[in-house]
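Observations on the three-dimensional arrangement
Each chain is listed here by its residues.
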Amino acid sequence: MAVQGGAAVASGITSLLREHKSRYDIVIASRDWHDAGNDNGGHFAPSGQAPDYVSTWPIHCVSGSKGAEYHSNLDSSLIDFHIFKGMGKPSYSIFEGETVDGKSLSKLLEELDVTDIDVVGLATDYCVLASSMDAKNAGFDVQVLTELIAGVADESSENALATMSAAGCKIG
Ligand SMILES: [Zn+2]
């Protein structure tokens, strides 16, 4: 689903990972992987009705479709683990997702001994917010890289950054 500035974020993530590969032990990416043929728990706006871009959205990221692929500016060869979320339901946080063989993100992070997480991606006011808050609440040290995020709307993105900051996420 298009977010203004999203393509530049994808390019920026690729650059970060290429230029600072040693900074990260593990790179994990998530994406929506919605069901075709249903509204995914009310996540897709009913046909003929405009989405509100708060809790209802245009049809997006249907599993196996072009729209569920990573943006072409993101070099997916740099990603170590892929998390799928939103199968039949809204899932904003990466912590609601799972690997292709059904392992939860929490379990994966535990197995990998992860302690510190940098968060990048789309969208600031939804998935970045939900993922960062879940990571912080699970006890990780969380930093949100503000150069590498983009939001759906300005006001909700500003509120999201304030919420994450107040929760103890570093805003970098
Ligand atoms: Zn979705």
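Please refer to the structure placed before this passage.
So, a few notes on the structure that sits alongside this text. (Residues numbered from 1 in each chain as written. Predicted model: local features only at pLDDT ≥ 70, side-chain atom pairs only at ≥ 80, totals over all residues. Heavy atoms only, no water.)

Regarding the coordination of the zinc ion
Note the threshold: A donor here means an N, O or S atom no more than 2.8 Å from the metal, or no more than 3.2 Å when the metal is Na, K or Ca. Since water is not included, a site may seem to lack partners. Sites are called tetrahedral only when four donors show all angles between 85 and 135 degrees, square planar or octahedral only when four or six donors show opposite pairs over 155 degrees and all other angles between 65 and 115, and irregular in any remaining case. Every helix listed is a DSSP run of H or I at least four residues long, and every strand listed is a run of E at least two residues long, numbered separately from the N terminus. Note on classification: 1.4 Å probe, protein chains only; a residue is buried when its accessible area is under 20% of the maximum for its type, exposed when over 50%, partly exposed between these limits.
Distances from the zinc ion to its protein donors, Asp32 (OD), His34 (NE2), His43 (NE2) and His60 (NE2), fall at 2.0 to 2.1 Å. The coordination sphere of the zinc ion comprises 4 donor atoms, whose angles at the metal cover 93 to 152 degrees; the geometry is irregular. All donors of the zinc ion come from a single chain, and their spacing in sequence reads D-x1-H-x8-H-x16-H. Highlighted residues: histidine 34 in the loop between β1 (28-32) and β2 (81-85) and histidine 60 in the loop between β1 and β2, separated in sequence by 26 residues. Both residues of the pair, histidine 34 and histidine 60, count as buried.

Regarding the pattern of salt bridges
Opposite charge on two side chains permits pairing when their charged atoms draw close. Our working definition: The term salt bridge refers to a pairing of a side-chain nitrogen on Lys or Arg with a carboxyl oxygen on Asp or Glu at a separation within 4 Å.
The final tally for this structure, using the stated rule, is 5 salt bridges. Note that glutamate 69 and lysine 66 form a salt bridge whose closest N and O atoms lie 3.5 Å from each other.

Comments concerning the nonpolar core
Heads up, the rule is: Among buried residues, those of type Ala, Val, Leu, Ile, Met, Phe, Trp, Tyr and Cys that are joined through side-chain atoms within 4.5 Å constitute a nonpolar core. The criterion used for residue contact is that any of the two residues' heavy atoms lie within 4.5 Å.
With 19 residues, the main nonpolar core has Phe95, Leu105, Leu109, Ile117, Phe140, Val144 and Met164 as its most contacted residues. Elements with a minimum of two residues in this core: α2 (105-111), β3 (116-122), α3 (124-137), β4 (141-150) and α4 (154-166). Contacts of leucine 109, omitting those with residues within four sequence positions, involve Ile28, Phe95, Val114, Ile117 and Phe140.

Concerning α3
For an α-helix, the turn length of 3.6 residues means that residues three or four places apart are oriented alike. Listed in full, the buried residues belonging to α3 are Thr124, Asp125, Tyr126, Cys127, Val128, Ser131, Ser132, Met133 and Ala135. As for α3, its buried residues are in contact with β2, β3, β4 and α4. Of the residues flanking the end of α3, it is glycine 139, one or two places downstream, whose phi is positive at about 100 degrees.

Re the state of the cysteines
Keep this limit in mind: Our working definition of a disulfide is a cysteine sulfur pair at a distance within 2.5 Å.
Throughout the structure, instances matching the rule amount to 0 disulfides. Its sulfur unpaired, cysteine 127 is 8.8 Å from the next cysteine sulfur, which belongs to cysteine 61.

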